[in-house]
Amino acid sequence: MSRAQAESVIKNIIREISQECATKGQAVSETLVAFMVKAVVLDPANEFNVDRTLTKDDVQKLIRLCVERLMDTQSPSLDTVKMQVYFDMNYTTRSDFLEEHRRVLESRLQPVVREITDSRARTREELESLYRKIVSAVLLRSGLGSPTDIAVVREATAALQSVFPQTELGSFMSLIKRDKERQLLELTMIVTGIRLFNKECGKGGEGIDDLPAILNEAVPATTQSVDAEMQRTLRNAFRYTALIEEMHKNRSREGLSMQLLKEALINTRQHQAFLQIILNDVISCAQQVELLENQLAARMEQLQATVQSKTAVPTAQVYPQFIHLAQLWSGFQDEMVLLSVLSNILASLEPFTRGHSELFSDEVLQPYLQNLNILTDDDRTKPVAPEERVNPKDYKAEAREWLLPETTKNFHKIPFQYKGYCAYILAKYDRLLVPANPDIGVMQFRDHYYAFSSQEAAYEFAQNPQEFIQMIAEGAKKSPELIQLLELHTQFSTITPYSQGRDGKMVEKPVTKCDTGTQTDTHFMESNIVKSYEWNEWELRRKAIRLVENETQTKMDGYSNVPKPQVFLAGLRGGGMSEPTVMTKVDLTIDVDQT
């Protein structure tokens, strides 16, 4: 079966499962169904093997098992999967939230902006209508009041007229579309800054909410809500952990299912992880609000000093300050959006925890919790005595290294495997989540760091870590929600999905290794280098002069046929003592005609 055919079959299976759940009154998303299909096939108990083509019976069995799991109303495991799918679909990073928010705002503004940029107004009535549209666009983009509020519109119009009077519409109309959009954005920011400054001076601000004050109340309230939800979730997690540990000591509890308790514990720990993410974002929001408040106060003070009681101020001095003021206010608006989104996500996560809360209510658990020592995470992670720590000298083995707080730099930043839960307990007691205490000692094995809840657990795990790692993988196949909670995606990437060996275990992909080496040339020269290139100006001049000489000079001698002048001087020796010396000059040059 080709890849395209396989994808078509899977889509048909997902669609059929969704339709069958809908007929039974349960609406499910395709993402949730796709996750459940993988979970059902991954579970060894279902005995699926996709190394061969699925038969019609296999497909019907897969659909039936998926529908049964999706329709289970008392499954903490299903609630955890739904929680993970919801969070993945609705939560993203701070920058992505803001980028999406701005994209949505721009898409909503496009029709209004397009009417302005495409306008061909000529008459007085058309120009007045265009100006009103510009005022509306400024209000909608700034978010400072409603365009249907007369008082807000009047204030915005007055602010716009001070920087862009209606007589400037002619120049605006002559611009290209891109420049029109750019000018609209600049006008929006200047008008926004003017209105905010007028509000500060008590001369306007109609329809402008006091965002800093609202945020100063909303941030602590949201933080308190997250903390309250966190305490409730942790309280349940501590009780579930204590009960499971007690039941593993061969002290059975009639009426309690260990399997359901473990699923409930996984649900609470996943909820805790998501709450911590939200709490961190709220804290970042509070820090950003404080920073913006300080910058806003400084900008207002600077504007007051610039304007003072002057009747006219150069636009080059105040316009940039108004634009900066608008940018700061946009920052407050962003924090309001983020806080609203985080509050909605917080409220939407709560229904995914109701299943186990109703299944293991206080009335149900109270008889089992009597005389039971319930430890908190702080109790389990407090500093231990030196004799309770791992001694690297006690256990040395190949590919194992022990890290301790006092001998390891940035020890608190170590990325622990399994999200900091005890690796030994997780494997030995089949998916039991117990927080590890790094103070005991951390084992480094094959570029991963494992923490433990006790010295004994650390030594037991160190004897055969690969076996315990495989046991954890087997447990994750039975509870696929652990793959995301414990971040096991890397471990499962080296395993052939959905295939089984004869012993019922997953078959690992063979890893082919070979020795190899590389060598770098001592003085290598890249082929794309132009060897004739010269950067030195004087060398370039020298080459230019040489080139000119080669083009203008010749190496051949040239001459004419004009006779060579010859002159003979006679009588220079003199005629003796008695006769005077008389010099005679004789011209011996051949005449040109005789040559």
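Residues numbered from 1 in each chain as written. Predicted model: local features only at pLDDT ≥ 70, side-chain atom pairs only at ≥ 80, totals over all residues. Heavy atoms only, no water.

- The protein chain carries the name Cilia- and flagella-associated protein 206 in an unreviewed UniProt entry, which gives Pomacea canaliculata as its organism.
- In its Subcellular location (unreviewed entry) section, the UniProt entry covering the protein chain states "Cytoplasm, Cytoskeleton, Cilium axoneme".
- Taken from UniProt, the Function (unreviewed entry) comment for the protein chain reads in full: "Essential for sperm motility and is involved in the regulation of the beating frequency of motile cilia on the epithelial cells of the respiratory tract. Required for the establishment of radial spokes in sperm flagella." (UniProt positions renumbered as here; feature names shortened; annotations may be inferred.)

1. Remarks on the overall build of the protein chain
Part 1: A count of helices and strands for the protein chain gives 21 helices and seven strands.
Part 2: Looking at the protein chain residue by residue over its 595 residues, the buried ones come to 38%.
Part 3: Considering only residue pairs separated by 6 or more positions, the protein chain has 71% of its internal contacts joining residues 24 or more positions apart.
Part 4: When the accessible surface of the protein chain is summed, it comes to about 36,300 Å², and 50% of that surface belongs to carbon and sulfur atoms. (Helix = DSSP H or I, 4+ residues; strand = E, 2+ residues; numbered from the N terminus. Buried < 20%, exposed > 50% of the residue type's maximum accessible area, 1.4 Å probe, protein only. Contact = heavy atoms within 4.5 Å. Areas by Shrake-Rupley, 256 points an atom, 1.4 Å probe, with all protein chains shown as cover.)

2. Remarks on helix H11 (residues 258-307)
Part 1: Look at H11: 73 Å from first C-alpha to last across 50 residues, which is about the 74 Å you get at 1.5 Å a residue.
Part 2: One or two residues past the end of H11 sits Gln-308, with phi positive at roughly 50 degrees. (Expected span 1.5 Å × (residues − 1).)

3. A look at the nonpolar core
Part 1: With 67 residues, the main nonpolar core has Ile-134, Leu-160, Phe-164, Ile-278 and Leu-349 as its most contacted residues.
Part 2: Each of domain 2 (119-201) and domain 3 (211-370) accounts for three or more of the residues forming this core.
Part 3: Apart from the residues within four sequence positions on either side, Leu-349 is in contact with Met-83, Tyr-86, Phe-87, His-271, Phe-274 and Ile-278.
Part 4: Membership of the second largest hydrophobic core comes to 51 residues, among which are Tyr-368, Ala-436, Phe-452 and Leu-488. (Core = buried A, V, L, I, M, F, W, Y, C linked by side-chain atoms within 4.5 Å. Domains from an automatic or database assignment.)

4. A look at the environment of Ala-151
Part 1: Here Ala-151 shows up in helix H7 (residues 150-163).
Part 2: For the pair Ala-151 and Gly-207, spaced 56 residues apart in sequence, the C-alpha to C-alpha distance is 8.3 Å.

5. Some words on the side chain of Ser-479
Part 1: With respect to the element layout, Ser-479 can be found in the loop between helix H18 (465-478) and helix H19 (481-485).
Part 2: At 2.7 Å, the side chain of Ser-479 forms a polar contact with the side chain of Arg-431. (Polar contact = N/O pair within 3.5 Å; in protein donor to acceptor, adjacent residues only side chain to side chain.)

6. Here's the deal with unusual backbone geometry
Part 1: Within the chain, Asn-410 stands out as a residue other than glycine whose phi angle is a positive 55 degrees.
Part 2: Relative to the helices and strands, Asn-410 is located in the loop between strand E1 (400-403) and helix H16 (423-428).
Part 3: A relative accessible area of 41% places Asn-410 in the partly exposed class.
Part 4: Even without a glycine there, the phi angle at Tyr-418 is positive, about 60 degrees.
Part 5: Structurally, Tyr-418 is set in the loop between E1 and H16.

7. With respect to the side chain of Gln-417
Part 1: With respect to the helices, strands and loops of the structure, Gln-417 is situated in the loop between E1 and H16.
Part 2: Among residues more than four places away in sequence, those in contact with Gln-417 are His-448, Tyr-449 and Tyr-450.

8. Observations concerning the sheet that holds E1
Part 1: Across the sheet, three strands lie side by side as E1-E2-E3; this open sheet has antiparallel pairing. Taken across any chain shown, the strands that pair with only one partner, and hence form the sheet edges, are E1 and strand E3 (448-450). Here the strands of the sheet are splayed against their neighbours by 30 degrees on average, with no regard to which way each runs.
Part 2: Two elements, E1 and strand E2 (residues 442-445), share four bridges in a ladder whose sense is antiparallel. Residue pairing in the sheet places Glu-401 in a bridge with Gln-444 of E2. (Pairing = 2+ DSSP bridges. Axes fitted to C-alpha atoms, helices over the stretch in contact; angles between N-to-C directions.)

9. Overview of the packing of helix H6 (residues 124-142) against H7
Part 1: It is the contact of H6 with H7, at a shortest axis distance of 10 Å, that shows an interaxial angle of 105 degrees. When the axes of H6 and H7 are compared, the pair comes out roughly perpendicular. Residue-level inspection shows Tyr-131, Ile-134, Val-135 and Leu-139 of H6 in contact with H7, the latter providing Val-152, Val-153, Ala-156, Thr-157, Leu-160 and Gln-161.
Part 2: Grouping the amino acids of the contact of H6 with H7 by side-chain chemistry returns eight nonpolar, two polar and no charged. (Parallel < 35°, antiparallel > 145°, perpendicular 65-115°, else oblique. Nonpolar A, V, L, I, M, F, W, Y, C, P; charged D, E, K, R; others polar.)

10. Description of H6
A turn of α-helix holds 3.6 residues, and therefore any two residues three or four places apart point the same way.
Part 1: For H6, which comprises 19 residues, the first-to-last C-alpha distance of 27 Å matches the rise-based estimate of 27 Å (1.5 Å per residue) to within 8%.
Part 2: Within H6, burial applies to Leu-130, Tyr-131, Ile-134, Val-135, Ala-137, Val-138, Leu-139 and Ser-142.
Part 3: For H6, the secondary structure elements touched by its buried residues are helix H5 (94-117), H7, helix H8 (169-173), helix H9 (177-200) and helix H12 (315-349).
Part 4: Count one or two residues on from H6 and you reach Gly-143, which has phi positive near 75 degrees.

11. Things to note about a negative patch on the surface
Part 1: Residues Glu-387, Glu-388, Glu-456 and Glu-460 make up a contiguous surface patch of negative charge.
Part 2: Note that Glu-387 resides in the loop between helix H15 (377-380) and E1. (Patch = residues over 30% accessible without salt bridge, like charges linked within 9 Å, V, L, I, M, F, W, Y side chains within 5 Å. Salt bridge = Lys/Arg side-chain N within 4 Å of Asp/Glu carboxyl O. Lys, Arg positive; Asp, Glu negative; His and termini not counted. Charge placed at Lys NZ, Arg CZ, Asp CG, Glu CD.)

12. Quick look at the pattern of salt bridges
Pairing between side chains of opposite charge can happen when the charged atoms of each approach one another.
Part 1: Per the stated rule, a full pass over the model turns up 23 salt bridges.
Part 2: Across the pair Arg-94 and Glu-335 runs a salt bridge, and its minimum N-O distance is 2.2 Å. With a gap of 241 residues between them, Arg-94 in helix H5 and Glu-335 in helix H12 connect regions that are remote in the sequence.
Part 3: Relative accessible area serves as the criterion here: at 2%, Glu-335 is assigned to the buried category.

13. Considering the packing of aromatic side chains
Part 1: Within the structure shown, the criterion is met by 16 aromatic pairs.
Part 2: Between the aromatic rings of Tyr-418 and Tyr-450, the centroid separation amounts to 5.9 Å while the plane-to-plane angle is 55 degrees, which identifies the pairing as tilted. With Tyr-418 in the loop between E1 and H16 and Tyr-450 in strand E3, the pair connects residues that are 32 residues apart, well separated along the chain.
Part 3: With a relative accessible area of 1%, Tyr-418 lands in the buried category. (Phe/Tyr/Trp six-rings, centres within 6.5 Å; stacked < 30°, edge-to-face > 60°.)

14. Examining the packing of helix H2 (residues 30-42) against helix H4 (residues 76-90)
Part 1: One way to put it is that H2 packs onto H4 with a least axis distance of 10 Å and a crossing angle of 130 degrees. Classified by the angle between their axes, H2 and H4 sit oblique to one another. Between H2 and H4 the crossing geometry is right-handed. Taking contact as the criterion, the partners of Thr-31, Leu-32, Phe-35 and Met-36 in H2 are, on H4, Leu-78, Val-81, Lys-82, Gln-84, Val-85 and Met-89.
Part 2: Each residue belonging to the contact of H2 with H4 can be placed in one class, and the counts come to seven nonpolar, two polar and one charged. (Left-handed = near helix turned anticlockwise from the far one by under 90°.)

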